[in-house]
Amino acid sequence: MKHSEVYLIIILSLLMINSSCCSKPKEEISGGSCSYVKFEGFAVIKSITAAPASEYNCPVKPMQIIFEFTPLNISDRQKYKFKEFKDTAVKMRINDGANPPLAWIKKNGIEPGKKFRCFREEITKGTCTPVCFKFTDLNLFPETGCK
């Protein structure tokens, strides 16, 4: 019984890694495609602070962005398959899960209180990231990466 609880905690911890965005655009995923159900809404930036050195960061002035997602239709929350992935205190990451540099944040006009159109996506088929947040007005996979 104790072993199953430990395994459950490990599995849930692994699922929570990089929940703010998919690690690769869908067309680059190897081993088959993944399908997602989308919940339209918006994300409000709650805070921007210096990223902890212990996290995966861009090399120059990495910042941690925290946002809160709200679906346009609040009742959509009842339809979530992965209810353990909360819509609050979500970390915005770029590329393969890095905290973005301050220059990228300034270039995109990201600041506390600002609202962005966003989709919460939950996997329905495949073995990709279970929950992603996609921003229609922000490129989370910039060509220049962390530069």
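Computed from a predicted structure; not experimentally measured.

A. Quick peek at the sheet that holds strand β2 (residues 63-71). In space, the five strands of this open sheet follow the order β3-β2-β1-β4-β5, with antiparallel pairing throughout. Two strands in the sheet have a free side with no partner beyond their single neighbour: β3 (90-92) and β5 (131-135). Along the sheet, successive strands turn relative to each other by an average axial angle of 45°, direction set aside. With three bridges joining them, β2 and β3 adopt antiparallel strand pairing.

B. Representation of the pairing of strand β4 (residues 115-125). Both strand β1 (residues 35-50) and β4 contribute to a ladder of 10 bridges, which runs antiparallel. In the strand pairing of β4, Tyr 36 is matched with Ile 123. Pairing of β4 with β5, which is carried by five bridges, proceeds in the antiparallel orientation. Counterpart to Arg 120 in the pairing with β5 is Phe 133.

C. Geometry of the state of the cysteines. Tallied over the full model, the rule gives two disulfides. Residue pairing for Cys 34: its cysteine sulfur links by disulfide to Cys 128, the two sulfurs lying 1.9 Å apart. Judged by the sign of its S-S torsion, about 80°, the bond between Cys 34 and Cys 128 is right-handed. Here Cys 34, found in the loop between α1 (2-16) and β1, pairs with Cys 128, found in the loop between β4 and β5; they are 94 residues apart in sequence, far enough to count as distant. The exposure class assigned to Cys 34 is buried, which follows from its relative accessible area of 10%. For Cys 128, a relative accessible area of 18% gives the class buried. A sulfur-sulfur separation of 2.0 Å characterises the disulfide bridge that pairs Cys 58 with Cys 146. Taking the torsion about the sulfur-sulfur bond, which here is approximately -65°, the covalent link between Cys 58 and Cys 146 counts as left-handed. One end of the pair, Cys 58, is in the loop between β1 and β2; the other, Cys 146, is in the segment after β5, and 88 residues separate them in sequence. By relative accessible area, which is 1% here, Cys 58 ends up buried. Classification of Cys 146 as partly exposed rests on a relative accessible area of 23%.

About the thresholds
- Residues numbered from 1 in each chain as written.
- Predicted model: local features only at pLDDT ≥ 70, side-chain atom pairs only at ≥ 80, totals over all residues.
- Heavy atoms only, no water.
- Pairing = 2+ DSSP bridges.
- Helix = DSSP H or I, 4+ residues; strand = E, 2+ residues; numbered from the N terminus.
- Axes fitted to C-alpha atoms, helices over the stretch in contact; angles between N-to-C directions.
- Disulfide = S-S within 2.5 Å.
- Buried < 20%, exposed > 50% of the residue type's maximum accessible area, 1.4 Å probe, protein only.

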